[in-house]
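Coordinate analysis (summary)
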Amino acid sequence: MIQLPIYLDNNATTPMDPRVLETMLPYFTQKFGNAASRNHSFGWEGEEAVDYAREQVAKLINADPKEIIFTSGATESDNLAIKGVFEMYAEKGKHIITATTEHKAVLDACAHIEKLGAEVTYLNVQEDGLINLDELKAALRPDTIMVSIMYANNEIGVIQPIKEISELTKANGSLFMTDATQAVGKIPVDVKADGIDLLAFTAHKMYGPKGIGVLYVRRKNPRVKVTAQMDGGGHERGMRSGTLNVPGIVGLGKACELCQLEMTSDTARIKKLRDKLETELLKVEEAYLNGNKEHRLPHVSNISFKYVEGEGLMMGIKDLAVSSGSACTSASLEPSYVLKSLGLDDELAHSSLRFGLSRFTTEEEIDFAIEHVKSAVAKLRDMSPLWEMFKEGIDLKSIEWQEH
Amino acid sequence: MAYSEKVIDHYTNPRNIGTLDKARQNVGTGLVGAPECGDVMRLQIEVDDETGTITEAKFKTFGCGSAIASSSLATEWLKGRTIEDAVKIDNMDIVEELSLPPVKIHCSVLAEDAIKAAINDYRIKNGLTPLTEIK
């Protein structure tokens, strides 16, 4: 028996793996010591657990454990990287390059440093969601201190050409930072091979707990430093003060270990399910895949069903938990800025659904989802004036719409 | 966001979905909203020339659940009313009936606009002066 609703919003957050929870539990009650307490066994126990987890985390991304800075999540890591680098390297330059499809944590941190005198270039993306390397090359300047481009996009799942970006960035003598929140644990990420200087991610998108994240900060070639954004006890090599969240760190470590061990088999299974879902849904008339099909995370699919509105569609598939590119909750009714950056027509941007699968998604759930979405789209098109016009051959662009 | 029971009812069992022949003299058609805003409503009325009563009302809507419910409710309210009476339908009546939250008030405004646009279309077709007031 299938249990409803079905969770297919794993780019927002994943359920925690029970094995992760089990590893964490002792650190709430018995092993509760402060990892910074040097004078008794409670503290040593905590420190030992943190050291072990730091190794598990480092191993997953091929880093040195000393390069792992624990934070409260990817938003904090993005903020620390961008604001911290700008502050630390201000004398070297004040230019930063990023892209329009970045997560708000990056875009808003950039907007913040712009107010402090930074100059930020926002690269547009191509129709498939990938940045154009020639445009990056042209945007690089002698005073560019950092390039911040996400590893994989949270809405459409496209994977940027990370290695090529880092090579161009390095050749210019700039630092390369990447928000890898959607990628770490899902696809192989190697900070050495990819030439990454700073990398942000969080535990709760990879079957770990919420409230714990990482900023990887390179120690050699070059040695990177960020100015702390929180003052206090000087934890985490002085870059992030605050008592360490030991249970969270232990959970993150375990989550990293499981992802590393099971990535190959998980990915193969999840990708097969994703491809089935996608193939079936793209058989629906006027359904379109958003983002580059090839350079994409294995567990994400973002599809637009033209002539139906995303929020209305979500209401019709109430047995599925997914995300829509349409945000019909504000007076402005703005569709997703990521989809708009791809140059999508507004109708298509408003009509999109994002499906995110996980380690726990089953084939029965995918079969149910396919039928559920198909019948909801058919029902809504039956009551859509736009669908009727399309069927009558009327060009929607020829109509003078009254914007409101 | 949670929808009210009435919105869910109209969304699940929409009343009067359909199309009337817009070429007919006694049919008024209102098409309001825009695809880029995420809402388009088309509301049509069929009027009895003798009595000025709306005998049939149909809608089709591209939009969220609240937009669909607002237009579905509007067709229910229109049937049996005279044109003069139909003009009096206020968007706040729809807000109240469907318990729409503040962020969805624009859906009711759109429904009121659709009603007025349909009536105007009917009036113009039949040599009457259009209404001036559209929100």
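Since this is a predicted model, take the numbers as computed values, not measurements.

**Details of the overall build of chain A**
Helix and strand content of chain A: 13 helices and 13 strands. Against the 2.2 N^0.38 benchmark of 22 Å for 404 residues, chain A shows a C-alpha radius of gyration of 22 Å, consistent with a compact globule. Referenced to the eigenvectors of the C-alpha coordinate spread, the extents of chain A come out at roughly 75 × 55 × 35 Å. Here chain A, with 404 residues, has 53% of them falling under the buried criterion.

**Thoughts on the overall build of chain B**
Per the secondary structure count, chain B includes 5 helices and 3 strands. For chain B, the sequential pattern of α-helices and β-strands runs α-β-β-β-α-α-α-α. The globule rule puts the C-alpha radius of gyration for 135 residues at 14 Å, and the 14 Å found for chain B is close to it. Projecting the C-alpha coordinates of chain B onto the three principal axes gives extents of approximately 45 × 25 × 25 Å. Here chain B holds 135 residues, and the buried ones make up 50% of them. Considering only contacts within chain B whose residues lie at least 6 apart along the sequence, 60% involve residues at least 24 apart.

**Observations regarding the sheet that holds strand β12 (residues 323-324) of chain A**
Residue and element names in this part refer to chain A. Pairing in this open sheet of 4 strands is antiparallel, and the strands run β9-β10-β13-β12 from one edge to the other. Both outer strands of the open sheet, β9 (287-289) and β12, are each paired with one neighbouring strand and no more. Pairing of β9 with strand β10 (residues 300-305), which is carried by 3 bridges, proceeds in the antiparallel orientation. Pairing of A287 across the sheet is with F305, part of β10. Its contacts with the sheet put helix α8 (residues 246-281) on β9, β10 and β13 (352-356), and the angle it makes with β10 is roughly 10 degrees.

**Thoughts on the packing of α8 of chain A against helix α12 (residues 363-382) of chain A**
Residue and element names in this part refer to chain A. Running from N to C, α8 and α12 point in directions that differ by 15 degrees, and their axes come no closer than 10 Å. Between α8 and α12, the angle falls in the class roughly parallel. Seen along the crossing, α8 lies across α12 with a hand that is right-handed. On α12, the residues touching L273, K276, L277, E280 and L281 of α8 are E363, I366, A369, I370 and V373.

**As for the pairing of strand β3 (residues 95-99) of chain A**
Residues and elements named next belong to chain A. With respect to burial, β3 is a largely interior element, 5 of its 5 residues being buried. Along β3, one buried face is formed by H95, I97 and A99 and the opposite face, lined by I96 and T98, is buried too. Relative to strand β4 (residues 119-123), β3 runs parallel, the two sharing 5 bridges. Counted as the bridge partner of I96 is V120 from β4.

Basis of the calculations
- Residues numbered from 1 in each chain as written.
- Chains lettered and ligands numbered in written order.
- Predicted model: local features only at pLDDT ≥ 70, side-chain atom pairs only at ≥ 80, totals over all residues.
- Helix = DSSP H or I, 4+ residues; strand = E, 2+ residues; numbered from the N terminus.
- Rg over C-alpha atoms; globule rule 2.2 N^0.38 Å.
- Buried ≥ 20, exposed ≤ 12 C-beta atoms within 10 Å, placed from the backbone.
- Contact = placed C-beta atoms within 7 Å.
- Pairing = 2+ DSSP bridges.
- Axes fitted to C-alpha atoms, helices over the stretch in contact; angles between N-to-C directions.
- Parallel < 35°, antiparallel > 145°, perpendicular 65-115°, else oblique.
- Left-handed = near helix turned anticlockwise from the far one by under 90°.

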